[in-house]
Amino acid sequence: MLSSTATVLAFAPGRVNLIGEHTDYNQGLALPFAIDRGVSVRAQPIAASCVRANALDMHEHDEFPLSAIEPADGWRAYVRGVAAELGSAGIELRGTSLEISGEVPQGSGLSSSAALEVALALALCAVAGQENPDRVELAELCVRVENDWADAQTGLLDQLASLCGEEGSALRIDFRSLEVETVPLALDGNRLVTLDSGEEHSNADSGYNQRRAECAQACEELGIQSLRDATPDTVDDLPDPLRRRARHVLQENERVEQTVAALRAGDVERVGEFLDASHASLRDLYEVSTDAVEAAVARLREAGAIGARVVGGGFGGSVLGLLPEAAETPTGAVEVRPGPGASVRAP
Ligand code: GLA
């Protein structure tokens, strides 16, 4: 039990999505895992009725009153958005000082923004005496921050992965039922690495919102609620590019199930094949790859990757590779392993 006057330390991890890309906002399936790098927030109650936030890595500061929270840009949008959304959700926030530091590079496609939101939300809740908020509700609240405060129409993938991560396992998430199932990530000596394409990725400023709008339009034309209700036959009648977008989503859902089955059967070669197929689909059907992403994927394949693909929203960011034991890790690539989900504790 944390004392309500004490300092708390919240940590929220970034995530890697093994497979199931651009499926979350289509009520589909994905298989992400939390990584060991993330964002830490140290929070302390203060006497004033405001939030004072320091972004330590950037040497920047923000301060705003709890009674009237105005929008802002950059990292400040997330701090203000989380505080405002917690207030709207009925949590009585206290004046708090926040120190934020992170190890997930921004724009790397490993969900630095979700890690920031989740760590902030857990820290502010703990200072307000709410130590065990419902994790799904908290993920939904953080997504409202992305959507309404940071202009990115993202789904629940990153926040649920950060909040529900389990050491050693990926999470099969069904975004229709919001059921989360752990799938042990036993790779039989092979390892997963990420490699930054060097091109900064941003969900708000890329084609991400457009892709989401295209999926909504496909649903409208098909007269269905979400692409989870579509079938291969019905999407064939859609005009291009909606047909290709919908095909990607249907096939990607299928690949998530096949990857879960391959992992359970210990068939790592098959997992690699699904990663490659996912990348081809994201490049050709969903069109979220770029030259820099292709170059990074090519580097991983040259290093002997069994499979490689763009991760996250695309349009830059990181790529993921499955490397055999004997392969050397290419310069700049970092090994990623499934780690525990977000937590809050006394420092
Ligand atoms: C970004 C978004 C997620 C998800 C992925 C694509 O990471 O934040 O909600 O849509 O892109 O799978």
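Our structure's up above, just so we're on the same page.
These remarks concern the structure in this document.

Criteria and cut-off values
Residues numbered from 1 in each chain as written. Predicted model: local features only at pLDDT ≥ 70, side-chain atom pairs only at ≥ 80, totals over all residues. Heavy atoms only, no water. Pairing = 2+ DSSP bridges. Helix = DSSP H or I, 4+ residues; strand = E, 2+ residues; numbered from the N terminus. Contact = heavy atoms within 4.5 Å. Axes fitted to C-alpha atoms, helices over the stretch in contact; angles between N-to-C directions. Near = heavy atom within 4 Å. Polar contact = N/O pair within 3.5 Å; in protein donor to acceptor, adjacent residues only side chain to side chain. Areas by Shrake-Rupley, 256 points an atom, 1.4 Å probe, with all protein chains shown as cover. Nonpolar A, V, L, I, M, F, W, Y, C, P; charged D, E, K, R; others polar. Expected span 1.5 Å × (residues − 1). Buried < 20%, exposed > 50% of the residue type's maximum accessible area, 1.4 Å probe, protein only.

1. Considerations on the sheet that holds strand E9 (residues 191-196)
At step 1: Pairing is antiparallel across the open sheet formed by 4 strands, whose spatial order is E10-E11-E9-E12. Each having just a single partner strand, strand E10 (307-310) and strand E12 (334-335) make up the two edges of the open sheet.
At step 2: The sheet contact formed by E9 and E12 spans 2 bridges and is antiparallel. Across the sheet, residue valine 193 finds its bridge partner in E12, namely glutamate 335.
At step 3: Docked against the sheet, helix H8 (residues 268-284) engages E10 and strand E11 (318-323), running at close to 30° with respect to E10.

2. A few points about the site of the ligand
At step 1: If you check the shell around the ligand, you find 13 residues, and the closest are Glu21, His22, Asp24, Asp158 and Tyr208.
At step 2: Contacts to the ligand include arginine 15, whose side-chain N or O atom sits 2.9 Å from an oxygen atom.
At step 3: Between the ligand and the protein, one listed contact pairs an oxygen atom with a side-chain N or O atom of aspartate 158 at 2.5 Å.
At step 4: The fraction of the free accessible surface of the ligand (310 Å²) that becomes covered by protein chains is 98%.
At step 5: Residues belonging to the shell around the ligand are distributed by class as follows: 3 nonpolar, 6 polar and 4 charged.

3. Quick notes on the sheet that holds strand E7 (residues 169-174)
At step 1: Sheet architecture is open: 3 strands sit in the order E2-E7-E8, paired in antiparallel fashion. Unpaired on one side and paired on the other, strand E2 (29-30) and strand E8 (179-184) mark the two borders of the sheet.
At step 2: Running at roughly 135° to E7, helix H4 (residues 157-164) makes contact with E2, E7 and E8 of the sheet.
At step 3: Along the sheet, helix H7 (residues 242-264) contacts E2, E7 and E8; its crossing angle with E8, the most-contacted strand, is approximately 40°.

4. With respect to helix H1 (residues 74-88)
At step 1: Spanning 15 residues, H1 covers 22 Å between terminal C-alpha atoms, matching the ideal 21 Å at 1.5 Å per step.
At step 2: Among the residues making up H1, those that are buried are Trp75, Ala77, Tyr78, Val79, Arg80, Gly81, Val82, Ala83, Ala84, Glu85 and Leu86.
At step 3: Its buried side turned inward, H1 meets strand E4 (50-55), strand E5 (60-65), strand E6 (96-102), helix H2 (112-127) and helix H3 (135-149).
At step 4: Two residues or fewer past H1, glycine 90 is found with a positive phi of approximately 95°.

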